[in-house]
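Inside the fold
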Amino acid sequence: MPSEPYSPTTIDQLQGLVSAIQQAPEGDSLGGAVSAAQWALVAPYLQPLELGSGQVLFDQGSTDRSLYLIESGSLSVHYQDAKQRVRLAIVGSGSVVGEGAFFSHRARSATVQSNGVSRLWGLTPLRFGELSNRQPTAALALVMAVGGVLAKRLANRRLRVAAT
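Rules behind the numbers
Residues numbered from 1 in each chain as written. Predicted model: local features only at pLDDT ≥ 70, side-chain atom pairs only at ≥ 80, totals over all residues. Heavy atoms only, no water. Phe/Tyr/Trp six-rings, centres within 6.5 Å; stacked < 30°, edge-to-face > 60°. Helix = DSSP H or I, 4+ residues; strand = E, 2+ residues; numbered from the N terminus. Buried < 20%, exposed > 50% of the residue type's maximum accessible area, 1.4 Å probe, protein only. Arc of directions from axis to C-beta. Contact = heavy atoms within 4.5 Å.

Applying the stated rule across the entire model yields three aromatic pairs. When the ring of Phe102 is compared with that of Phe128, the centres are 5.4 Å apart and the planes differ by 80 degrees; the resulting orientation is edge-to-face. In this pair, Phe102 is assigned in helix H3 (residues 99–104) and Phe128 in helix H4 (residues 125–134), connecting sequence segments 26 residues apart. No difference in accessibility class separates Phe102 from Phe128, as the two residues are buried.

Written out as structure tokens, the structure reads:
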């Protein structure tokens, strides 16, 4: 995630994300596990990020553990081996990427790149720690929603590779 000055996000700025989550297909969505009141508590800990078409969010093997919530656009998940680059999955608005490294403390398992202009909300491990200390109920709701996406991906052989 590019380093930019941090300015707290408000719930009004997060309305696009909340709407995308509510409208996303259930299979890979964060669903309704986080209430509107909890989103208001989570908002100040998220940082907006805009990606241009073809821009890489993170590379396979990188050690950044930030979690990204997708408000708009779609992201392509690629695995790179010695011979070629293989597209594993497309992840769209209302979902999340980066959850594998966020939970596992391991390097990224794939490269994630924007298919077009995309708007995301980043949550670093440090900001999540602050959220957990100050708003534990909201932090738990968020992490359970993200864990739900991860569990669905791991249970679905086709989506398992999208756990980044």
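Taken residue by residue, helix H1 (residues 15–23) has Leu17, Val18, Ala20 and Ile21 as its buried positions. Angular distribution of buried residues about the axis of H1 spans 160 degrees; they occupy a single face of the element. Exposed positions of H1 whose direction lies more than 90 degrees from the buried face are Gln22 and Gln23. In this structure, the buried residues of H1 make contact with helix H2 (36–42), strand S3 (67–72) and strand S8 (118–123).

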